[in-house]
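So the chains spell out like this:
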Amino acid sequence: MQFLPEAPELLGAIAALLDEQVLPVVPGDVQHQVRVATHLASLLEREARLGAESARSERELIAVLLGVDAEDPAAALDERLRAGADDEFAARAWEALVEITRADLAICKPGHDSWEGA
Amino acid sequence: MTKLDLAAGLATYLGEIWGAEVAVSDLSASTAGARRHNLLFVAEVAGERTPLVATIVPAGETLINSIEAEAAVRALAERGGVAVPHVHLQRSDGDLVGGPLMVSDFVDGETVPRRVLRLVAEHGNGELIAHQLGATLARLHALDPSAVSVPLRTLDAPGTSPAERALAGLTTAVDELPRARPALRLGLRWLDEHLPAPPPRETIVHTDVRNGNLIVGADGLRAVLDWEGALASGDPMQDLAWPALRMWRFREDANEVGGFAGRAPYIAGYQGAGGDFDDARFEWWKVEGTLRWAVGLAAQTMAFLDGRVPSIVMAASGRRVPELEWDLLMLIRPAR
C-alpha cells in the first residue's frame, strides 16, 4: 500500500506545474504540446476520481438495456446494434448512450455537453 | 536538415522554373499544417522580393493525392475564381529540400481558428465570410472534374453514390476500432436509414474546407488552403456540411458555419454563385462528417500506439472521441 498523496492529487500537481511554470518558459513550437500534456494530466486526475463510478454506471445502463450483465458492456451493445435494432430499441440505446457519453465527457472534456444540437 | 540547405534547395528549384538567379532569405516556420512543413520565405530576383510559402511533405509521409495532382486542382480552381494561393512550382522529387514540395504565393491573414474568430469579432465580418465561403464552394463545384490536368484520387465503386461509398468506408473503420464504440455504431445505423438520393451531379470536392484551412483578413476570406485530400468525384454537400460541424466552431456554437455565422448567408452565397443546395443531403453529410472525424481521431491515436507518430497530440486524440460521440448523438436525436 502506497503512502499519500494518491493519484488525483499527484496528477493535479503535475498539471499545475505544467500550466503555471513550464508553459510560460518553453519555446513557441513546444507550447502546444505542453498545453496538451497539461490537459492530459487534468484529464487523468478526473479519471482517477470519477472513472470507477463512470464505468459502473455504464455497465448498469447497458445491463438494463440488454437485459444481461455483460463482461464487456460496450462490446455487447455494439454487437446488438450491429445485428440490427428496431426504432424502439435504438431510441432506448440513444438515451443510455447520452448518459454514458455525459459521464465520459465529465472526465475528458467537462462542459462539452452544454450544447444539445443544431 | 539546416535552414541553409533549404534556402539553397529552394533557390535552385525556383531558378530552374523562372530561368533566373534566385536568392532565398527570411526562412521561417509557419504555424499552419500538422503533417507537412510550411515555410515562409522571400525569393529575390534582380532586386525584386516576393514572399512565398514552401510546403514540404517529409519523405516517407503518405500523400493522399500526388503533389502534382494537388497543384493541378489548385490551378484549375484558381482559373475558376476560387481564392487560392497561386502555385509557382511543384515537384515530387524534392530531394534538395527533403521531400515532395510545392511553392505558392504568401497570402497575408489569419489561419489559426481562435485568432480567426478574434479577428471576426473585431471586424464584425462573420456573415460576409460565411457568404464568401458559400460562393467559393459553388465556384469549386462548378469546375469540370475532367479538366484537372493530373488526376485526383477517387473512391469509385461502380453503381454507388458518394454517400454509399462514404458509409461503406466508415463501417469498415468502426468495425476495426480496437475498442467497441456503440455511439458510433448508432451513428452508422442512422446514416444507413437516412441514406440520401445521389447528387444530381458529382463534383470535385475539397473535403477539408473549414475554419483552420482558410486565410482570413479584415476584408473577409482571402484563400482556401490544404487541398491534399481533394476528390475527383463526390457529393458537393459533403463540402458544404464539413465547415458547419461543431468541432470547427471553436466554442462559437451559435454560429453554425465555422463560428462565423449561421447558415443563411452561407447558403445564400452558395446559391447566389450558382450552387445547388440540398437540405437533406447537407444534414446527412453533417452526421457523416462528425462520425468521420471520430474515426479520424481514433486513427491518430492508433498511429501513436503502434509507434508510427510518437506525438502527445496524437496520443490525446483518442480521448477526444467522446466529444465527437456527443456531437453525433445530438445530431441523430430520435424523433419523439
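Undergrad: Provide a residue-level description of the overall build of chain A, including the pertinent values.
TA: Summing up its helical and strand segments, chain A has four helices and zero strands in all. Listing the helices and strands of chain A from first to last along the sequence gives α-α-α-α. Taking 13 Å as the expected radius of gyration for a compact globule of 118 residues, we find that chain A reaches 19 Å, considerably beyond that expectation. With the C-alpha coordinates aligned to their principal axes, the bounding extent of chain A is approximately 55 × 45 × 20 Å. In chain A, which comprises 118 residues, the proportion classed as buried is 19%.

Undergrad: Tell me about the interface of chain B and chain A, and name the residues and values.
TA: Tallying the contact residues gives 24 residues for chain B and 30 residues for chain A. Looking at the side of chain B that touches chain A, the elements with two or more residues in it are α6 (182-193), α10 (312-317) and α11 (321-331) of chain B. Considering each element in turn, the side of chain B that touches chain A owes the most residues, seven residues, to α11(B).

Undergrad: An account of α6(B) is requested, with residue identities and associated values reported.
TA: With 12 residues, α6(B) should reach 16 Å at 1.5 Å per residue; the first-to-last C-alpha distance of 16 Å fits that figure. Most of α6(B) sits inside the fold, with nine of its 12 residues counted as buried. Of all the residues in α6(B), the buried ones are P182(B), A183(B), L184(B), R185(B), L186(B), G187(B), L188(B), W190(B) and L191(B). If you follow the buried residues of α6(B), they end up packed against α3 (73-82) and α4 (87-108) of chain A together with α5 (162-175), α9 (279-305) and α11 of chain B.

Undergrad: I'd like a description of the packing of α5(B) against α9(B), backed by residues and values.
TA: Residue and element names in this part refer to chain B. Running from amino to carboxyl end, α5 crosses α9 at an angle of 30°, the nearest separation of the two axes being 10 Å. It follows from the interaxial angle that α5 and α9 lie roughly parallel. In this structure, α5 meets α9 at a crossing whose hand is left-handed. For the pair α5 and α9, contact is made by A163, A166, L170, A173 and V174 and by W284, E288, L291, R292 and V295, respectively. Partitioning the contact of α5 with α9 into residue classes produces eight nonpolar, no polar and two charged.

Undergrad: Lay out unusual backbone geometry with the relevant residues and their values.
TA: Looking along the chain, the bond that leaves L4(A) and enters P5(A) is cis, with omega of -5°. We note that D26(B) has phi near 55°; this positive angle belongs to a residue other than glycine. Inspection of the secondary structure assignment puts D26(B) in strand β1 (residues 23-29). Judged by the 12 C-beta atoms lying within 10 Å of it, D26(B) falls in the exposed class. Despite not being glycine, R251(B) has its phi angle at roughly 80°, a positive value. Along the polypeptide, R251(B) turns up in the loop between α7 (236-241) and α8 (263-272). Taking the number of C-beta atoms within 10 Å as the measure of exposure, R251(B) has 13 and is therefore partly exposed.

Criteria and cut-off values
Residues numbered from 1 in each chain as written. Chains lettered and ligands numbered in written order. Predicted model: local features only at pLDDT ≥ 70, side-chain atom pairs only at ≥ 80, totals over all residues. Helix = DSSP H or I, 4+ residues; strand = E, 2+ residues; numbered from the N terminus. Rg over C-alpha atoms; globule rule 2.2 N^0.38 Å. Buried ≥ 20, exposed ≤ 12 C-beta atoms within 10 Å, placed from the backbone. Contact = placed C-beta atoms within 7 Å. Expected span 1.5 Å × (residues − 1). Axes fitted to C-alpha atoms, helices over the stretch in contact; angles between N-to-C directions. Parallel < 35°, antiparallel > 145°, perpendicular 65-115°, else oblique. Left-handed = near helix turned anticlockwise from the far one by under 90°. Nonpolar A, V, L, I, M, F, W, Y, C, P; charged D, E, K, R; others polar.

Fair warning: the whole summary comes from geometry, so function is off the table for now.
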